[in-house]
Amino acid sequence: MLTIYGEGRGFRVIWLLEEMGLPYKLRSVDLLAGADKDPEFLAVNPGGFIPALVDGDVTMVESIAIMEYLLARYGDKSKSKAPLAPAPNDPAFAMYQQFLHLGEAGLGANIQVVVVSGFVAPEGERDNWGARWALNQFNNRMKLVKRQLARAPYMAGDNFTAADISVAYTLNLAIRRGGIVLDDAEKAYMARLTARDGYKRTLDACPATKGFYESIPPACSPRTRNRSRLRAGREIGRSRPASAAATPPNCSARAASRSRRFPSCRRRRSPDRSSPWLLLRKKTGLLECTPQRRGDRRSHSSNAILPRCASPSGTSERSSTWPPK
Ligand SMILES: N[C@@H](CCC(=O)N[C@@H](CS)C(=O)NCC(=O)O)C(=O)O
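Just so we're clear, the structure is a prediction, and the values are computed from it rather than from any experiment.

Undergrad: Help me understand the overall build of the chain, please; the structure alone is not making it clear to me.
TA: Of regular secondary structure, the chain possesses twelve helices and six strands. In the chain, which comprises 325 residues, the share counted as buried stands at 45%. Long-range pairs, those at least 24 residues apart, make up 67% of the contacts in the chain with a sequence separation of at least 6.

This is the structure:
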């Protein structure tokens, strides 16, 4: 039996396995409690990060490498109608390889710096040169995604492949925590991917990721944001309450109303327990962070949920002020 340790980028691996129709087990990893409290996991990955794969005698890390391993080792057992990895002599192979890796090395690694700088770094270090550089790198690499979508519906061409899984995972994070706003072609691309049964099954298999995606709406452009704020004001039949001034930039009136019901950015509550990065911050006493909502506290098993954070003064530090310009 294949065992996947941890959600986070393990979402990619599980999505691939769902598309291939192969059995697996997801073993949750509580990074917040500390990898040192989980000797079984540390024996699998002494680096203490997720995901990791154990397949009999094989133990490995790096989500993209794991996907390549599974496709090469078990591709013949895949129940997917179309191949999830084109053969080397297929004209689609070059773009497949490129975007499979660009999804993590080019996009994922860069947006990670933006996300941790925006939501985890001490207040005075959030708008930093490194984060601005990483955001610039991310945006440059997104130009390749944009160009490809002008040519074809998927990263490798006409068919869905593991390269789409790689890129989509990162885009899901970037639009929720990196302040990245997708253009219409990119939105349509994400809609195509997230409509897949394999994607929906993966969400059901990954409760922490599902909770994160459901609780954080994608970033939207300032114009859309203003429109939905106005709409939200009209809907409740009065002008926007002063307390809503710090409402994060959500894309819909529903989301705006939800964030008023869960004003986690503004109120001091017990610290969020879902991010291992936060543990470091908590230890330094530099940050108060609150869960999105009560239900999120269930999700202690991975760092898939990044917290909303408030400065000690209560000022919202969410994507309205992030990413840096
Ligand atoms: N390039 C690696 C990135 C792994 C990674 O950064 N994982 C995150 C969760 S998605 C993590 O475990 N962060 C905590 C840490 O690195 O200590 C991959 O694709 O698997």
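Undergrad: Please clarify how the site of the ligand should be interpreted in this entry.
TA: Taken together, 13 residues surround the ligand, and among them Gly8, Arg9, Phe49, Ile50 and Ser63 come closest. For the shell around the ligand, the per-class residue count stands at six nonpolar, four polar and three charged.

Undergrad: In this structure, what is going on with the pairing of strand E4 (residues 58-61)? I would like to understand it.
TA: The side chains of a regular strand alternate between both faces of the sheet. Pairing between strand E3 (residues 52-55) and E4: four bridges, direction antiparallel. By the bridge assignment, Val54 is partnered in E4 with Thr59. Between E3 and E4, which follow one another and run antiparallel, lie two residues, and Gly56 among them has a positive phi close to 60 degrees.

Undergrad: What exactly am I supposed to notice about the pairing of strand E2 (residues 24-27) here?
TA: In this structure, strand E1 (residues 2-5) lies alongside E2, joined through four bridges in parallel fashion. Bridge pairing in E2 links Leu2 to Tyr24.

Undergrad: I tried to follow the packing of helix H5 (residues 129-151) against helix H7 (residues 184-194) on my own but got confused; where do I start?
TA: For any two helices packed against each other, the geometry is given by the interaxial angle and the distance between the axes. Packing of H5 against H7 leaves a shortest axis separation of 10 Å and a crossing angle of 75 degrees. The orientation of H5 with respect to H7, classified from their angle, is roughly perpendicular. Of the residues in H7, those in contact with Lys146, Leu149 and Ala150 of H5 are Ala185, Glu186 and Tyr189. Taken together, the residues of the contact of H5 with H7 break down into four nonpolar, no polar and two charged.

Undergrad: Hey, could you run me through the nonpolar core in this one?
TA: Across soluble globular proteins, nonpolar side chains show a tendency to be buried alongside one another. Ranked by internal contacts, the top residues of the largest apolar core, which has 70 residues, are Leu16 and Phe99. Residue contributions to this core peak at eleven residues, all from helix H4 (residues 93-119).

Undergrad: Explain the sheet that holds E4 to me, please; I cannot follow it from the model alone.
TA: Pairing between the strands of a sheet is mediated by backbone hydrogen bonds and can be parallel or antiparallel. Sheet architecture is open: four strands sit in the order E2-E1-E3-E4, paired in mixed fashion. The open sheet has two edge strands with one neighbour each: E2 and E4. For this sheet, the mean inter-axis angle between neighbouring strands, taken without regard to orientation, is 20 degrees.

Undergrad: It is not clear to me how the packing of helix H1 (residues 10-20) against helix H3 (residues 63-74) should be interpreted in this structure. Could you clarify?
TA: Two elements in contact, H1 and H3, have axes whose closest approach is 8 Å; the angle formed by their N-to-C orientations is 20 degrees. Between H1 and H3, the interaxial angle falls into the category roughly parallel. Once H1 is placed against H3, the crossing between them reads as right-handed. Touching Gly10, Arg12, Val13, Leu16, Leu17 and Met20 of H1 are Ser63, Ile66, Met67, Leu70 and Tyr74, all from H3. Taken together, the residues of the contact of H1 with H3 break down into eight nonpolar, two polar and one charged.

Undergrad: Sorry if this is basic, but what is going on with H5 here?
TA: One turn of the α-helix equals 3.6 residues, which is why residues spaced by three or four share an orientation. Relative to the 33 Å expected for 23 residues at 1.5 Å per residue, H5 spans 34 Å between its end C-alpha atoms, a close match to the ideal helical length. Those residues of H5 that fall on the buried side of the exposure criterion are Ala131, Ala134, Leu135, Phe138, Met142, Val145 and Gln148. Against the buried residues of H5 lie H4 and helix H6 (162-177).

Undergrad: Where do I start with unusual backbone geometry in this structure?
TA: With the exception of glycine, the majority of residues adopt a negative phi angle, and the majority of peptide bonds are in the trans configuration. Of note, the amide linkage connecting Ile50 to Pro51 takes the cis form, showing an omega dihedral of 5 degrees. Within the fold, Pro51 resides in the loop between helix H2 (39-44) and E3. Within the chain, Glu62 stands out as a residue other than glycine whose phi angle is a positive 80 degrees. Looking at where Glu62 falls in the secondary structure, it is placed in the loop between E4 and H3. For Glu62, a count of 15 C-beta atoms within 10 Å gives the class partly exposed.

Undergrad: Would you mind going over the environment of Ala72 with me for this structure?
TA: Assignment of secondary structure puts Ala72 in helix H3. You can call Ala72 exposed: it has 10 C-beta atoms within 10 Å. Between the C-alpha atoms of Ala72 and Ala85, which are 13 residues apart in sequence, the distance is 8.8 Å.

Undergrad: Mind showing me how you'd approach helix H9 (residues 207-215) here?
TA: Every buried residue of H9 is accounted for by Ala208, Thr209, Gly211, Phe212, Tyr213 and Ser215. Of the surrounding elements, those touching the buried residues of H9 are H1, H6 and helix H8 (197-205).

Undergrad: How should I be thinking about the environment of Val13 in this particular structure?
TA: Within the secondary structure, Val13 is located in helix H1. Of the residues examined, Val13 has 30 C-beta atoms within 10 Å and is grouped as buried. Sequence spacing of Val13 and Ser166 is 153 residues, and the spatial spacing of their C-alpha atoms is 9.2 Å. Not counting residues within four places of it along the chain, the set of residues in contact with Val13 comprises Ile4, Pro51, Leu53, Ser63, Ile66 and Met67.

Rules behind the numbers
- Residues numbered from 1 in each chain as written.
- Predicted model: local features only at pLDDT ≥ 70, side-chain atom pairs only at ≥ 80, totals over all residues.
- Helix = DSSP H or I, 4+ residues; strand = E, 2+ residues; numbered from the N terminus.
- Buried ≥ 20, exposed ≤ 12 C-beta atoms within 10 Å, placed from the backbone.
- Contact = placed C-beta atoms within 7 Å.
- Near = placed C-beta within 6 Å.
- Nonpolar A, V, L, I, M, F, W, Y, C, P; charged D, E, K, R; others polar.
- Pairing = 2+ DSSP bridges.
- Axes fitted to C-alpha atoms, helices over the stretch in contact; angles between N-to-C directions.
- Parallel < 35°, antiparallel > 145°, perpendicular 65-115°, else oblique.
- Core = buried A, V, L, I, M, F, W, Y, C linked by C-beta atoms within 7 Å.
- Left-handed = near helix turned anticlockwise from the far one by under 90°.
- Expected span 1.5 Å × (residues − 1).

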